Amino acid sequence: MKKESANNMTKTNKLSNKIILMLLMTIVALLIGFIVTTIYTAKSAVNKTMGTQAVAMAGNIAKQLNVDDYIELSKSPSESKLYWELREELNGLREQNGVLYAYTFAVPQEDQKVRFLVDGMPKDDQENAGSINSESSSTYYKDLEKVISTGSYYSAILHSDFGDYLSGTVPLKDASGTIVAFVGVDIEATQVSGVTNAVLTSVLPALIAIMLILTAILMYIVYRYVNRSLKPLSYLGEAAESFAQGDIEEATKAVEQIQFKNKNEITIFAQAFKESLIKLKDTFQTIQHRTVALQEVVGKIDATSQQVEASNLKIADSIIEIAAGSEQHQQNNNEVVLTMNEMSIGIQRLADSTSEIAESSTAMTGLVESNVNHSHEVVSQIQNVESSVLRTAG
């Protein structure tokens, strides 16, 4: 029985293995998500760091600019002498701070295009420099709104024909705090990518190793816990198989092997199943005892039935004898009735004869009386004759 249950458990995938497999898949998915999140976070952190650096460089350049000159240029935006002076100054600051580009934007009207005011490039570099009042291809009014609301703005990595870069923008304000222009710088994105790759190369392998170790430890702990928690199910499976085959005793032994250390749904069910088996076992024993008693009663009933059967046979024999006697009695009664009928006929005939005899007797009586009377007359006559004789003789 136990070998058969063990074979069934071997053929059937254990629930604990499925749970561990699902948990492992979940942890792997979480690990992948963690790695992706780490990469994204690292890139975002580096991007934020570089953006903060770009904003700081833009702020440093803004501090060195003459606000009044930009107010004047904003009133009359053209390639005047002031424009070229400001461009040369801005180009020097660009080279001094080591940025890719340095430029200023005019303050746009709401939802209008963002236009260059001064692009800090060498005078002879017409190809890469944005001319005054030309539209920006990467900065929009919504970006400058963030500068107005927060005091600075840096972009994500941008892509252009000149390469990848990151922009940082700050406002240029006058003494009253009014924004007269916007100062922006571009930093090569290769620096961001390099820093990101360096961070990921130094940090990510260690994080993955730590995660794998923690995952292995967690899987071992969970495996032990799940196996221990689901162990009662194997005993319950054996008990259920024994119960299905009608072996309650073996099923009870299987359930009794369960150790109820933890109180959870499985142990509660196992305890209830165990109590049900015990009650069912007691019920079967009670039924067995009552069955034995019933068999004894049936035996007694059978013996009584045999006695009754014997009595019935005797009664049947008696009934047959009585039936035979009744038949003879019936025959005798018939003969008596016939005799009585004949006697009735005879009596009737006798009565008729008696009537005739009575009539004859009456006639005879009359005749006898007549004869007696004649006899008396004859006697009288004789007596008279005698008297006469006597008298005569005397």
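Residues numbered from 1 in each chain as written. Predicted model: local features only at pLDDT ≥ 70, side-chain atom pairs only at ≥ 80, totals over all residues. Heavy atoms only, no water.

S.K.: Mind showing me how you'd approach the overall build of the protein chain here?
M.R.: Per the secondary structure count, the protein chain includes eight helices and six strands. Ordered by position from the N terminus, the helices and strands of the protein chain form the series α-α-α-α-β-β-α-β-β-β-β-α-α-α. Residue burial in the protein chain is summarised as follows: out of 394 residues, 27% are buried. Considering only residue pairs separated by 6 or more positions, the protein chain has 64% of its internal contacts joining residues 24 or more positions apart. (Helix = DSSP H or I, 4+ residues; strand = E, 2+ residues; numbered from the N terminus. Buried < 20%, exposed > 50% of the residue type's maximum accessible area, 1.4 Å probe, protein only. Contact = heavy atoms within 4.5 Å.)

S.K.: Just to check I follow, could you spell out a nonpolar patch on the surface for this structure?
M.R.: Together, Leu21, Met22, Leu24, Met25, Val28, Ile32 and Val36 make up a nonpolar patch on the protein surface, roughly 650 Å² of accessible area in all. On the secondary structure map, leucine 24 appears in helix 2 (residues 15–63). Relative accessible area serves as the criterion here: at 35%, leucine 24 is assigned to the partly exposed category. (Patch = residues over 30% accessible without salt bridge, like charges linked within 9 Å, V, L, I, M, F, W, Y side chains within 5 Å. Areas by Shrake-Rupley, 256 points an atom, 1.4 Å probe, with all protein chains shown as cover. Salt bridge = Lys/Arg side-chain N within 4 Å of Asp/Glu carboxyl O.)

S.K.: What is the right way to look at the pattern of salt bridges in this model?
M.R.: When the charged atoms of two side chains lie near each other, side chains of opposite charge can form a pair. Tallying each qualifying case throughout the model produces two salt bridges. Note that arginine 94 and glutamate 95 form a salt bridge whose closest N and O atoms lie 3.7 Å from each other. When its relative accessible area of 12% is taken as the criterion, arginine 94 is described as buried. Of the residues examined, glutamate 95 reaches a relative accessible area of 52% and is grouped as exposed. The partner of arginine 115 in a salt bridge is glutamate 135, and the shortest N-O contact between them spans 3.6 Å. Taken together, the residues span a long stretch of sequence, with arginine 115 in the loop between strand 1 (101–106) and strand 2 (116–119) and glutamate 135 in the loop between strand 2 and helix 5 (141–150) at a distance of 20 residues. When its relative accessible area of 34% is taken as the criterion, arginine 115 is described as partly exposed. Given the relative accessible area of 43%, glutamate 135 is considered partly exposed.

S.K.: Can you help me understand the packing of aromatic side chains in this one?
M.R.: Note on aromatic pairs: each is described by the distance of the centres and the angle between the planes. Taken as a whole, this structure holds four aromatic pairs when the rule is applied. Plain terms: the ring middles of tyrosine 103 and phenylalanine 116 are 5.8 Å apart, the flat faces sit at 85° to each other, and that makes the pair edge-to-face. Here tyrosine 103 is found in strand 1, whereas its partner phenylalanine 116 is found in strand 2, with 13 residues between them in sequence. Taken as a pair, tyrosine 103 and phenylalanine 116 share a single burial class, namely buried. Ring geometry for phenylalanine 105 against phenylalanine 116: centres 5.2 Å apart, planes inclined by 40°, an arrangement best described as tilted. Of the two residues, phenylalanine 105 is situated in strand 1 and phenylalanine 116 in strand 2; the sequence distance between them amounts to 11 residues. As far as burial versus exposure is concerned, phenylalanine 105 and phenylalanine 116 are alike and both buried. (Phe/Tyr/Trp six-rings, centres within 6.5 Å; stacked < 30°, edge-to-face > 60°.)

S.K.: Before we go on, may I ask you to explain the confidence of the model for the protein chain in this structure?
M.R.: One rule of thumb: low pLDDT means the predicted coordinates there are not for detailed reading. Here the protein chain shows a mean pLDDT of 78. Residues at 70 or above account for 76%. The secondary structure element of the protein chain with the lowest average pLDDT is helix 1 (residues 2–11), at 46, and the one with the highest is strand 1, at 93. (pLDDT = per-residue confidence, 0-100.)

S.K.: In this structure, what is going on with helix 3 (residues 67–75)? I would like to understand it.
M.R.: The α-helix advances 3.6 residues per turn, and as a result positions three or four apart in sequence lie on the same side. The complete set of buried residues in helix 3 reads Val67, Tyr70 and Leu73. In an axial view of helix 3, the angular spread of the buried residues amounts to 125°, which keeps them on one side of the axis. Turned more than 90 degrees away from the buried face of helix 3 sit Asp68, Glu72 and Lys75, all of them exposed. Lining the buried residues of helix 3 we find helix 4 (81–97), strand 1, strand 2, strand 5 (163–173) and strand 6 (179–188). Structurally, the start of helix 3 carries an N-cap: the backbone nitrogen of aspartate 68 is 3.1 Å from a side-chain oxygen of asparagine 66. (Arc of directions from axis to C-beta. Polar contact = N/O pair within 3.5 Å; in protein donor to acceptor, adjacent residues only side chain to side chain.)

S.K.: Help me out: how do you make sense of helix 5 in this one?
M.R.: Among all positions of helix 5, only Tyr141, Asp143, Leu144 and Val147 are buried. Summarising the axial view, the buried residues of helix 5 lie within an arc of 155°, below the 170-degree limit, and thus occupy one face. In helix 5, the exposed positions that point more than 90 degrees away from the buried face belong to Lys142, Ser149 and Thr150. Following helix 5 by one or two positions, glycine 151 has its phi on the positive side, about 95°.

S.K.: What is the right way to look at unusual backbone geometry in this model?
M.R.: Note: most peptide bonds trans; most residues except glycine with negative phi. The residue asparagine 133 is not glycine, and still its phi comes out positive at about 70°. Inspection of the secondary structure puts asparagine 133 in the loop between strand 2 and helix 5. Assessed through its relative accessible area of 34%, asparagine 133 is described here as partly exposed.

S.K.: Just checking my understanding: could you explain the nonpolar core for this structure?
M.R.: Ranked by size, the top nonpolar core spans 30 residues in total, and within it Ile61, Leu65, Tyr70, Leu73, Val118, Leu172 and Val185 carry the most contacts. For this core, the elements supplying multiple residues, two or more each, are helix 2, helix 3, helix 4, strand 2, strand 5 and strand 6. Here this core gets eight residues from one element, more than from any other, and that element is helix 2. Every residue in contact with valine 118, bar those within four places of it in the chain, is listed here: Tyr70, Leu73, Tyr83, Leu86, Arg87, Leu90, Tyr103 and Thr104. (Core = buried A, V, L, I, M, F, W, Y, C linked by side-chain atoms within 4.5 Å.)

S.K.: Just checking my understanding: could you explain the packing of helix 3 against helix 4 for this structure?
M.R.: Helix-helix packing is characterised by the crossing angle of the two axes and by the distance between the axes. Helix 4 packs onto helix 3 with a crossing angle of 135° between their chain directions and a minimal axis gap of 10 Å. As summarised for this structure, helix 3 and helix 4 are arranged oblique, according to the angle between their axes. Helix 3 and helix 4 meet at a crossing whose hand is left-handed. Facing helix 3, whose interface residues are Asp69, Tyr70, Glu72 and Leu73, helix 4 presents Leu82, Tyr83, Leu86 and Leu90. Along the lines of polarity and charge, the residues of the contact of helix 3 with helix 4 split into six nonpolar, no polar and two charged. (Axes fitted to C-alpha atoms, helices over the stretch in contact; angles between N-to-C directions. Parallel < 35°, antiparallel > 145°, perpendicular 65-115°, else oblique. Left-handed = near helix turned anticlockwise from the far one by under 90°. Nonpolar A, V, L, I, M, F, W, Y, C, P; charged D, E, K, R; others polar.)

S.K.: Can you help me understand the pairing of strand 6 in this one?
M.R.: A regular strand places its side chains so that they alternate between the two faces of the sheet. Extensive coverage of strand 6 is indicated by the burial of eight of its 10 residues. Note that strand 1 and strand 6 share six bridges and pair antiparallel. Considered in strand 6, the bridge of tyrosine 101 is made with aspartate 186. Where strand 5 hands over to strand 6, the hairpin turn is made up of five residues, of which glycine 177 adopts a positive phi near 90°. (Pairing = 2+ DSSP bridges.)

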